[in-house]
Amino acid sequence: MDRHVPVIAIDGPSASGKGTVAQKVAQHLHFHYLDSGALYRLVGEAARYAHVSTSDEPQVARLAETLNARFDNDNIYLNQKNVTDAIRSEAAGKAASEVAALPLVRQALLLRQRGFRTKPGLVADGRDMGSVVFPDAMLKIYLTADPAARAARRYKQLIGKGMSANMAALLQDIKARDDRDSGRAIAPLHKSSDAILLDTTNLSIDDAVEQVLARYAAATQVP
Ligand code: C5P
């Protein structure tokens, strides 16, 4: 890890649009992109394949340490198997948030995440990018939107991928995941005091991207 490599940390709750915003910001700046949620989703999926319970901390941590994952453009592979769509299901999201509450799993993924910090820069999205993984990030954004707006976005996303979805169930899942992510003892989801709040309830993705880029430009300006 090179501490001189700039990091933009974008944290926030599930379905807030942070993944899309982070990816677009990374593309614009020609930076690398880390989807840290995908790592937790992969660990959940690895546990499912191995028939390991998501509450069996030592076993799940072992899977996290030895995770054979590959990010290749828009595709994600687990043990050479393309799991890009499989890890996006609501069930995979639930499993991810269960394994993410285990301290040994978070510890196992810490160095792997920091390894993404390479030149010319990194945009990282997740829950604890600014607070734990990259506390020295030069720009920290907390991206959020109200739960109904997030459920509607997730609905559109799933339907667009040809998957089935139910609005009421999605809203319930989002609220349950918010509670689990904010209420856990380790690296809980919260806006840290040095993060800039960006509420996207009434903002398009492009507007949000523009705001992040403007903040980045301001942060890099020599006084
Ligand atoms: O962002 P995404 O919805 O893909 O993340 C899936 C789950 O992984 C989250 O609900 C959260 O529990 C966990 N996660 C985390 N820390 C991160 C990223 C994701 O705990 N940095």
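Residue positions within a chain follow its written sequence, with the count starting from 1. Local features in this predicted model are restricted to residues of pLDDT 70 or higher, and side-chain atom pairs are both shown and tallied only at a pLDDT of 80 or more, whereas totals for entire chains, interfaces and linings draw on every residue. Think of the side-chain values as coming from all heavy atoms in the structure, minus any hydrogens and water.

### Observations regarding the pattern of salt bridges
The salt bridge criterion pairs a side-chain nitrogen of Lys or Arg with a carboxyl oxygen of Asp or Glu, the two atoms within 4 Å. What the rule picks out here adds up to 12 salt bridges. Ionic pairing is found between Asp-128 and Arg-106, a salt bridge with its closest N-O pair at 2.9 Å. In this pair, Asp-128 sits in the loop between strand S6 (122–126) and helix H6 (129–133) while Arg-106 sits in helix H5 (residues 103–114), placing the two residues 22 residues apart along the sequence. In this structure, Lys-140 and Asp-194 form a salt bridge, with 2.8 Å as the shortest nitrogen-oxygen distance. Here Asp-194 lies in the loop between helix H8 (167–183) and strand S8 (196–199) and Lys-140 lies in strand S7 (residues 139–144), a separation of 54 residues in the sequence. Secondary structure elements are taken from DSSP: a helix is a run of H or I of four residues or more, a strand is a run of E of two residues or more, and numbering for both begins at the N terminus.

### Focus on the side chain of Arg-177
Following the sequence through the fold, Arg-177 ends up in helix H8. Residue contacts follow a heavy-atom distance rule, with two residues in contact if any of their heavy atoms lie within 4.5 Å. Among residues more than four places away in sequence, those in contact with Arg-177 are Ser-14, Arg-41, Glu-90, Gly-93, Ser-97, Arg-127 and Arg-154.

### Quick look at the sheet that holds S8
Ordered in space as S2-S6-S1-S7-S8, the 5 strands form an open sheet in which the pairing is parallel. Two strands lie at the open edges of the sheet, namely strand S2 (32–35) and S8, each paired on one side alone. Each strand axis lies, on average, 20° off the axis of its neighbour in the sheet, ignoring direction. Relative to S8, S7 is paired through 4 bridges, and the arrangement is parallel. Following the sheet pairing, Leu-143 is matched in S8 by Leu-198. The sheet contacts of helix H1 (residues 18–29) involve strand S1 (7–11), S2, S6 and S7, and relative to S6 the element is tilted by about 180°. DSSP-based pairing: two strands are paired if at least 2 bridges between them are found. Fitting a line to C-alpha atoms yields each axis, with helices limited to the stretch in contact; the angle taken between N-to-C directions then spans 0 to 180 degrees.

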